[in-house]
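Residue-level structure breakdown
These are the residues of each chain, in order.
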Amino acid sequence: MRIALDVDGVLADVIRSWLLYNNSFRKNIEMHEARDWDFWKILNITASDFYAELNACWKDWHSIPPTEDDISSAVKSLAELGTVDIVTARDPSTDSFVREWLVHHGIEYAEYVSVAGGTMKADLDYDVFIDDSPINAKKFLEKGKKVLVYTQPWNMYLSKDEFIRIPDLAGAIKEMQN
């Protein structure tokens, strides 16, 4: 089994870092207020500004927490079910920071695959995608791919009938064993 594992929002809690950055000089918002994929629009900032700020957060990769305690053990358990590749959509200037973050947190993987846009992941040859993006999840389904949606506030509106929702990587393991 080939497993595509996303970084931002699945392994790395980069939005928490971005919220700390944002809240230092803009209107304060909390994680639970990020109810849409493009939640940053409530602050009247542009997509390019948001992604530039997110990239800046990756430059300080030491401050980005994992989404779960003992994330490396969870990824190792996933690897017992198949080949785990890191599959991420990002600005190439942040790839080195992400790779350092993965090493720092002891996350082992077979390949690191970076694409320019999230929906491009759906064109890749994987048996299962673990992702938090509602936009990517819909694209995976359109392409007939299996997707496990990692629960985050910005994907809670997705129908449980369409998607398999997982609260953590242990949930992904359980789903893949069925």
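Before any of the text, the structure's been laid out above.
Presented here is an overview of the structure given in this document. (Residues numbered from 1 in each chain as written. Predicted model: local features only at pLDDT ≥ 70, side-chain atom pairs only at ≥ 80, totals over all residues. Heavy atoms only, no water.)

With that out of the way, let us pick up the overall build of the protein. Within the protein, the regular secondary structure consists of six helices and six strands. Listing every helix and strand of the protein by position from the N terminus yields β-α-α-α-β-α-β-β-α-β-β-α. Taken against the 2.2 N^0.38 rule, which gives 16 Å for 178 residues, the C-alpha radius of gyration of the protein at 15 Å falls within 12% of a compact globule. When the backbone C-alpha atoms are referred to their principal axes, the protein occupies close to 45 × 35 × 30 Å. Counting across all 178 residues of the protein, residues that qualify as buried make up 47%. (Helix = DSSP H or I, 4+ residues; strand = E, 2+ residues; numbered from the N terminus. Rg over C-alpha atoms; globule rule 2.2 N^0.38 Å. Buried < 20%, exposed > 50% of the residue type's maximum accessible area, 1.4 Å probe, protein only.)

So, on to the layout of surface pockets. Size it by volume and the largest pocket reaches roughly 530 Å³. What lines the largest pocket is a set of 28 residues, among which Asp8, Trp37, Tyr51, Leu54 and Ala89 lie closest to the centre. Considering each element in turn, the lining of the largest pocket owes the most residues, five residues, to helix α2 (residues 47-59). Taken together, the residues of the lining of the largest pocket break down into 13 nonpolar, eight polar and seven charged. (1 Å grid on protein atoms, 1.4 Å probe; cavity = no way out; pocket = protein on both sides within 12 Å on 5 of 7 lines; lining within 4 Å. Points joined across faces, edges and corners; volume = space filled by probe spheres on them. Nonpolar A, V, L, I, M, F, W, Y, C, P; charged D, E, K, R; others polar.)

Our focus in this paragraph is the environment of Leu148. Residue position: Leu148 is located in strand β5 (residues 146-150). Separated by 11 residues in the primary sequence, Leu148 and Ala137 have C-alpha atoms spaced 8.0 Å apart. Apart from the residues within four sequence positions on either side, Leu148 is in contact with Val128, Phe129, Ile130, Asp131, Ile164, Ile166, Ala172, Glu175 and Met176. (Contact = heavy atoms within 4.5 Å.)

Any two packed helices are characterised by how steeply their axes cross, that is the angle between the axes, and by the distance between the axes. Contact geometry of helix α3 (residues 71-79) with helix α6 (residues 169-177) gives a least axis separation of 9 Å together with a crossing angle of 10°. By the angle between their directions, the pair α3 and α6 is classed as roughly parallel. Together, Ile71, Ala74, Val75, Ser77 and Leu78 of α3 and Leu169, Ala172, Ile173 and Met176 of α6 make up the contact between the two elements. For the contact of α3 with α6, a count of residues per class yields eight nonpolar, one polar and no charged. (Axes fitted to C-alpha atoms, helices over the stretch in contact; angles between N-to-C directions. Parallel < 35°, antiparallel > 145°, perpendicular 65-115°, else oblique.)

Next up on the list: the pairing of β5. With respect to burial, β5 is a largely interior element, four of its five residues being buried. The sheet contact formed by strand β4 (residues 128-131) and β5 spans four bridges and is parallel. Note on β5: the bridge partner recorded for Phe129 is Val147. The parallel pair β4 and β5, bridged by helix α5 (residues 134-142), forms a crossover whose chirality is right-handed. Bridge analysis of β5 against strand β6 (residues 164-166) gives three bridges, and the strand direction is parallel. Bridged to Tyr150 within β6 is Ile166. (Pairing = 2+ DSSP bridges. Right-handed = clockwise from strand over helix to strand, strands pointing away.)

What follows concerns the pattern of salt bridges. Pairs can form between side chains of opposite charge once their charged atoms are near each other. A complete count under the given rule lists 10 salt bridges for this structure. Between Arg90 and Asp8 there is a salt bridge; the shortest N-O distance is 2.5 Å. You can see Arg90 sitting in the loop between β2 (83-89) and α4 (95-104) and its partner Asp8 sitting in the loop between β1 (2-5) and α1 (14-23), a full 82 residues away along the chain. With relative accessibility at 7%, the residue Arg90 sits in the buried group. We classify Asp8 as buried; its relative accessible area is 18%. The residue Lys121 makes a salt bridge to Asp131 at a minimum N-O spacing of 2.7 Å. (Salt bridge = Lys/Arg side-chain N within 4 Å of Asp/Glu carboxyl O.)

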